[in-house]
Amino acid sequence: MIIRNPEADARMARSRGLVDYWPWLLRYPLTGYCLPVIVMLSLLLTLSVRNGISVSEGFSMPTSGLPLLVICVIWTVFYGIRVIDHTTRGYATPPPMGSESLYLATAIKPLTLPGLVSLSYFALQARNPPLAGALLYAALFITPAYLFILATEGQMASALNPLRWLQVMLHMGLAYLLPCLLLVAGIALLTRVSHTLGAALLVSLCCYGLFGTAHVLGYLGFKRQHALGLQVDVPDPDAVEREEKHAALLKQLLARIHDWQREREEGSAIRAIESHGGGPLDAIGFFEALFRELSIQGSPSIIHAVGRRLISLLLAARKPERALDIAEGCINSHWHFTPANPTQLEALLRQAMRLRFEDLYERLLKGAEADLHSAEPAWAGVQFLRAQHQSETRRDDAGALALLTPLRAMTQHPQHALYERTARTLEALLARR
């Protein structure tokens with residue numbers, strides 16, 4: 001039988017949720033290794049139940065079949081955990097039972113929580129039936145999280161940690177209620193039909209429901225792999241295709257830039273950089289990779305072009321610290337570097353001031369020195385920031401006031417009132433000295 005079916009794995013990875021994937025969820029217990037496992041467990045469980053003595057109408061207590069019954073229950077829970085783990089890793093086909101099931105000391109571990117709940121239930125049933133019932137329903141709500149943690153982490157301490165249960169529930173969201181409801185609905189249905197169905201068919205339905213629920217739980221974990229911090233073996237084929245296209249576009253652009261550099265047509269390279277939309281995955285990641293490559297082999301003008309584009313993206317994404325790092329790299333390639341516009345220069349200067357990078361602050365200003373004397377309103381923000389720096393950091397109020405003088409003449413500027421108020425404050429401070 002097939003353990004891995006790439007076509008089925010890709011279909012599961014591409015699915016957009018339970019509404020999209022539900023027909024395959026229903027078929028899962030009847031395919032691959034799962035069907036033989038259900039048949040085997042059904043035969044063994046039926047045999048173990050029939051080797052018993054009747055203690056009440058419709059119920060028998062196994063005697064000679066008790067050891068076989070215990071082993072079958074252990075194998076059933078163990079295989080359910082195998083299904084959860086296999087599905088969470090991205091495999092859409094059922095796994096084999098596995099030789100680990102022969103080591104009962106290992107296979108019995110998942111029964112720890114159900115065993116504790118069962119003992120508590122029977123202890124409370126005689127004294128406080130409502131509390132015993134509440135405990136049972138609470139266990140049904142917790143069991144999917146418990147089994148999921150045990151399947152994906154394999155640590156009993158983590159599986160018995162209520163905080164980990166809560167984390168799994170929160171990350172899965174409302175979809176977590178589905179396996180819980182499937183367990184409750186399965187128990188309710190089996191209770192109703194237990195007197196009308198034969199033992200073999202009844203056991204088969206139980207196994208179908210349990211393994212189907214396990215697959216649903218694994219599917220939910222697979223679709224929330226990033227939130228749950230899971231490592232999967234089967235990536236989303238669409239994501240792989242986007243990554244390949246991303247790498248191909250980067251390689252293609254690098255090759256063209258190197259050709260233009262050899263032909264001394266840097267203008268064409270700069271225009272291509274400025275008009276490129278980036279890769280299909282992440283524009284910032286695309287230009288980060290391009291910047292790294294060209295920092296080694298690119299000319300200063302091309303490095304500056306990539307740097308300006310990357311700084312624009314980083315500032316738009318509210319990553320000023322990384323934008324300042326890129327600006328420093330551009331300045332290191334050649335001192336005469338200016339960002340794409342005065343607004344970006346202002347943001348970089350502000351970040352340099354915040355981090356107290358005085359040398360980088362001066363180097364940024366040096367690259368824009370030719371434009372700093374401009375009386376255009378676009379440069380007003382940079383000039384006002386320089387005045388603030390001159391007054392607050394260098395304690396030079398007179399120099400700050402001189403920088404504010406051309407700003408006070410911009411009476412139509414939206415920030416003119418702020419510039420005028422700041423200038424009058426500095427004048428008052430200078431008058432007191």
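Residues numbered from 1 in each chain as written. Predicted model: local features only at pLDDT ≥ 70, side-chain atom pairs only at ≥ 80, totals over all residues. Heavy atoms only, no water.

### Examining the overall build of the protein
Then step 1. Looking only at helices and strands, one finds 22 helices and 2 strands in the protein.
Then step 2. Over its C-alpha trace the protein gives a radius of gyration of 34 Å, far above what one expects of a compact globule, namely 22 Å for 433 residues.
Then step 3. In terms of overall dimensions, the protein has C-alpha extents of about 105 × 60 × 35 Å along its principal axes.
Then step 4. Of all 433 residues assigned to the protein, the portion counted as buried reaches 40%.
Then step 5. Excluding contacts between residues fewer than 6 apart, the proportion of contacts in the protein whose partners are at least 24 apart in sequence is 67%.
Then step 6. Separation of charge centres in the protein, based on 40 positive and 36 negative side chains, amounts to 6 Å. (Helix = DSSP H or I, 4+ residues; strand = E, 2+ residues; numbered from the N terminus. Rg over C-alpha atoms; globule rule 2.2 N^0.38 Å. Buried < 20%, exposed > 50% of the residue type's maximum accessible area, 1.4 Å probe, protein only. Contact = heavy atoms within 4.5 Å. Lys, Arg positive; Asp, Glu negative; His and termini not counted. Charge placed at Lys NZ, Arg CZ, Asp CG, Glu CD.)

### Re the packing of helix H16 (residues 300-316) against helix H18 (residues 342-354)
Then step 1. Where H16 meets H18, the closest approach of the two axes is 11 Å, and the angle between their N-to-C directions is 70°. As summarised for this structure, H16 and H18 are arranged roughly perpendicular, according to the angle between their axes. Note on element contacts: H18 touches H16 through Gln-344, Ala-347 and Leu-348, opposite Arg-308, Ile-311, Ser-312 and Leu-315.
Then step 2. Of the residues assigned to the contact of H16 with H18, the class counts are 4 nonpolar, 2 polar and 1 charged. (Axes fitted to C-alpha atoms, helices over the stretch in contact; angles between N-to-C directions. Parallel < 35°, antiparallel > 145°, perpendicular 65-115°, else oblique. Nonpolar A, V, L, I, M, F, W, Y, C, P; charged D, E, K, R; others polar.)

### Comments concerning the packing of aromatic side chains
Then step 1. All chains considered together, the criterion is met by 5 aromatic pairs.
Then step 2. Ring geometry for Tyr-79 versus Phe-211: centroids 5.0 Å apart, planes at 80°, classification edge-to-face. Taken together, the residues span a long stretch of sequence, with Tyr-79 in helix H4 (residues 66-88) and Phe-211 in helix H11 (residues 199-223) at a distance of 132 residues. The pair formed by Tyr-79 and Phe-211 is uniform in burial state, with each residue classed as buried.
Then step 3. Between the aromatic rings of Phe-286 and Phe-287, the centroid separation amounts to 5.3 Å while the plane-to-plane angle is 80°, which identifies the pairing as edge-to-face.
Then step 4. The ring of Trp-24 has Arg-11 sitting right over it, with the charged end atom 3.6 Å from the ring centre.
Then step 5. The ring of Trp-335 carries the charged tip of Lys-366 above its face, separated from the ring centre by 4.9 Å. (Phe/Tyr/Trp six-rings, centres within 6.5 Å; stacked < 30°, edge-to-face > 60°. Lys NZ or Arg CZ within 6 Å of the ring centre and 35° of its normal.)

### Quick notes on the pattern of salt bridges
Then step 1. This model, assessed by the stated rule, comprises 13 salt bridges.
Then step 2. Notably, a salt bridge pairs Arg-322 with Glu-288, separated by 2.8 Å at the nearest N-O pair. Of the two residues, Arg-322 sits in helix H17 (residues 320-333) while Glu-288 sits in helix H15 (residues 283-297), which places them 34 residues apart along the sequence.
Then step 3. With a relative accessible area of 12%, Glu-288 lands in the buried category.
Then step 4. Across the pair Glu-427 and Arg-408 runs a salt bridge, and its minimum N-O distance is 2.7 Å. Taken together, the residues span a long stretch of sequence, with Glu-427 in helix H22 (residues 416-431) and Arg-408 in helix H21 (residues 397-408) at a distance of 19 residues.
Then step 5. Relative accessible area serves as the criterion here: at 34%, Glu-427 is assigned to the partly exposed category.
Then step 6. For Arg-408, a relative accessible area of 23% translates into the label partly exposed.
Then step 7. Three or more residues joined by partner-sharing salt bridges are found here, namely Arg-408, Glu-420, Arg-424 and Glu-427. (Salt bridge = Lys/Arg side-chain N within 4 Å of Asp/Glu carboxyl O.)

### With respect to the state of the cysteines
Then step 1. On inspection of all chains with the given rule, the structure shows 0 disulfides.
Then step 2. Of all cysteine sulfurs in the structure, the one in Cys-207 sits closest to Cys-72, which takes part in no disulfide; the separation is 8.8 Å.
Then step 3. Judged by its relative accessible area of 0%, Cys-72 falls in the buried class.
Then step 4. Here Cys-180 is not disulfide-linked; the sulfur of Cys-206 is the nearest cysteine sulfur, at 18 Å. (Disulfide = S-S within 2.5 Å.)

### Notes on the confidence of the model for the protein
Then step 1. On average, the protein scores 85 in pLDDT, and the residues at 70 or more come to 91%.
Then step 2. Residue range residues 53-59 is modelled with pLDDT below 50. Its contacts to residues more than four positions away, or to other chains, number 8 contacts. (pLDDT = per-residue confidence, 0-100.)

### Some remarks on unusual backbone geometry
Then step 1. Phi angles above zero are rare outside glycine, and Arg-264 is one such case at about 55°.
Then step 2. Assessed through its relative accessible area of 78%, Arg-264 is described here as exposed.
Then step 3. For Arg-395, which is not a glycine, the phi torsion comes out positive at approximately 55°.
Then step 4. Along the chain, the position of Arg-395 falls in the loop between helix H20 (380-392) and H21.

### Focus on the packing of helix H10 (residues 177-193) against H11
Then step 1. At their nearest, the axes of H10 and H11 sit 10 Å apart, and the two run at 175° to each other. Here H10 is positioned roughly antiparallel relative to H11, judged by the angle of their axes. Mapping the contact onto sequence places Leu-178, Pro-179, Leu-182, Leu-183, Leu-190 and Val-193 in H10 and Leu-202, Leu-205, Cys-206, Leu-210, Thr-213, Val-216, Leu-217 and Leu-220 in H11.

### With respect to H18
Then step 1. Spanning 13 residues, H18 covers 18 Å between terminal C-alpha atoms, matching the ideal 18 Å at 1.5 Å per step.
Then step 2. Taken together, the buried positions of H18 are Pro-342, Gln-344, Leu-345, Leu-348, Leu-349, Gln-351 and Ala-352.
Then step 3. Looking at the buried side of H18, the elements it contacts are H16, H17, helix H19 (358-367) and H20.
Then step 4. Measuring from the side-chain oxygen of the N-cap residue of H18 to the backbone nitrogen of Thr-343 gives 3.1 Å; that N-cap residue is Asn-341. (Expected span 1.5 Å × (residues − 1). Polar contact = N/O pair within 3.5 Å; in protein donor to acceptor, adjacent residues only side chain to side chain.)

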